[in-house]
Amino acid sequence: MKARVLSGMQPTGDLHIGNYLGALKNWVRIQSDYECIFCIVDLHAITVYQEPARLRAKIEEIAAIYLAAGIDPAQSRVMVQSAVPEHAELAWMLTCVTPVGWLERMTQYKTKAAAQESVGDGLLQYPVLMAADILLYQAAIVPVGEDQVQHLELSRDIAQRFNSLYGETFTMPSTSLPTVGARVMGLDDPTAKMSKSATGTNHAVALLDPPEKIRKTILRATTDSQSGVDFDTLGAGVANLLAIFQGFTGWTDEQVRAHFAGMRYGDLKKQVADAVIAGLEPFQSRYREIVAEPGYLAGVLRDGAERVRPLARETVELVKQRMGLFSELV
Ligand code: TRP
């Protein structure tokens, strides 16, 4: 039997080449070796206010991006969190075994809470809902970026605490798979990871950016005061551009060194822009096809939800029995 993998993204902000090279490409690569569930976590998105019409549109945009990137809905299950009510149902049960202190210690909570005048309870509960996403499907492997590792560890702690209070119920999710591919940094600031919530106009290349915008953003990328590529003293900005180039072309380190050594930054940037535009072209045209086909996306999401629902139901009924809640199955 194939091990089950679960991951998800929030339908907020614009997905960018960092999300593509760091996450989506890996998901596509592993989908035939594992039983994958790829979730669009809209309930997580509302832990901070989202304009409703925009959120609704974003959910479909992310689903179409998953598919355009190469997630095969016949093989993987692509679903929206709020379409499967068991996510919220299990989250409550897990909330009741989670000490508040564990949640208050979460780095992401502390950062987000500091930025708000009044802190919604959902922000505190965020990692419990994430634990529910994972434990609901007894997922064995959860590929996430570094920023989510603390939440994943908390999921394990919650599972362990539940298991010790009520008996073996949950599979322990393991941290991740080794990821191949780049950790893409901001183009305006190569010391910070490319982020979809950053506001700078020159920070990221979004996956749906038109070619001319992509070119402009890359030509403006921050480098350093040297004039050309020197592999002995490679600055973070140049290293990032080269990593992006490699991510889209698949060139080896040797090929990259031989080709770019001594090249002036202006020429380097042009070639990186060409590689990104060419690399995204098939993705963008698939995206346009997907959204143009009436009913297709809705059908994929309905089917995804239907296929995971029995797994979710089974876990929730088991949890209800373990906790002594009213379960119709006993
Ligand atoms: N918190 C994750 C993020 O922002 C998204 C997420 C929610 C997730 N539930 C998940 C990721 C379950 C992996 C598994 O990146």
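Residues numbered from 1 in each chain as written. Predicted model: local features only at pLDDT ≥ 70, side-chain atom pairs only at ≥ 80, totals over all residues. Heavy atoms only, no water.

(A) Structural context of the overall build of the protein chain. Within the protein chain, the regular secondary structure consists of 13 helices and three strands. Its C-alpha atoms put the protein chain at 70 × 45 × 40 Å along the principal axes. Looking at the protein chain residue by residue over its 330 residues, the buried ones come to 48%. Carbon and sulfur atoms form 53% of the exposed surface of the protein chain, whose accessible area is close to 15,600 Å². Counting 32 positive and 38 negative side-chain charges, the protein chain places the centres of these two groups 1 Å from one another. (Helix = DSSP H or I, 4+ residues; strand = E, 2+ residues; numbered from the N terminus. Buried < 20%, exposed > 50% of the residue type's maximum accessible area, 1.4 Å probe, protein only. Areas by Shrake-Rupley, 256 points an atom, 1.4 Å probe, with all protein chains shown as cover. Lys, Arg positive; Asp, Glu negative; His and termini not counted. Charge placed at Lys NZ, Arg CZ, Asp CG, Glu CD.)

(B) Here's a closer look at the packing of aromatic side chains. Enumeration according to the criterion identifies nine aromatic pairs in this entry. Ring geometry for Tyr20 against Phe248: centres 5.7 Å apart, planes inclined by 15 degrees, an arrangement best described as stacked. Taken together, the residues Tyr20 in helix α1 (residues 17-30) and Phe248 in helix α10 (residues 236-249) connect sequence positions 228 residues apart. The pair Tyr20 / Phe248 is uniform in exposure class, with both members buried. (Phe/Tyr/Trp six-rings, centres within 6.5 Å; stacked < 30°, edge-to-face > 60°.)

(C) Highlighting unusual backbone geometry. One non-glycine residue with positive phi stands out, namely Gln138, at about 50 degrees. Within the secondary structure layout, Gln138 lies in the loop between α7 (121-136) and α8 (149-166).

(D) Inspection of the packing of α10 against helix α12 (residues 265-292) at higher detail. Between α10 and α12, the shortest axis-to-axis distance is 9 Å and the interhelical angle comes to 30 degrees. Every pair of crossing elements has a handedness; the one defined by α10 and α12 is left-handed. Where α10 abuts α12, its residues Val238, Leu241, Leu242, Ile244, Phe245, Phe248 and Thr249 lie against Tyr265, Leu268, Lys269, Gln271, Val272, Ala275, Val276, Gly279 and Leu280. Looking at side-chain class alone, the contact of α10 with α12 contains twelve nonpolar, three polar and one charged residues. (Axes fitted to C-alpha atoms, helices over the stretch in contact; angles between N-to-C directions. Left-handed = near helix turned anticlockwise from the far one by under 90°. Contact = heavy atoms within 4.5 Å. Nonpolar A, V, L, I, M, F, W, Y, C, P; charged D, E, K, R; others polar.)

(E) Layout of the site of the ligand. Not every one of the 13 residues close to the ligand is listed here, only the nearest: His44, Tyr126, Met130, Asp133 and Gln148. Here a nitrogen atom of the ligand sits 2.7 Å away from a polar atom, N or O, in the side chain of Tyr126. One nitrogen or oxygen atom from the side chain of Gln148 is found 2.9 Å from a nitrogen atom belonging to the ligand. Bound to the protein, the ligand loses 90% of the 370 Å² it would expose on its own. Sorting the residues of the shell around the ligand by element identifies β1 (4-9) and α7 as the ones contributing at least two each. (Near = heavy atom within 4 Å. Polar contact = N/O pair within 3.5 Å; in protein donor to acceptor, adjacent residues only side chain to side chain.)

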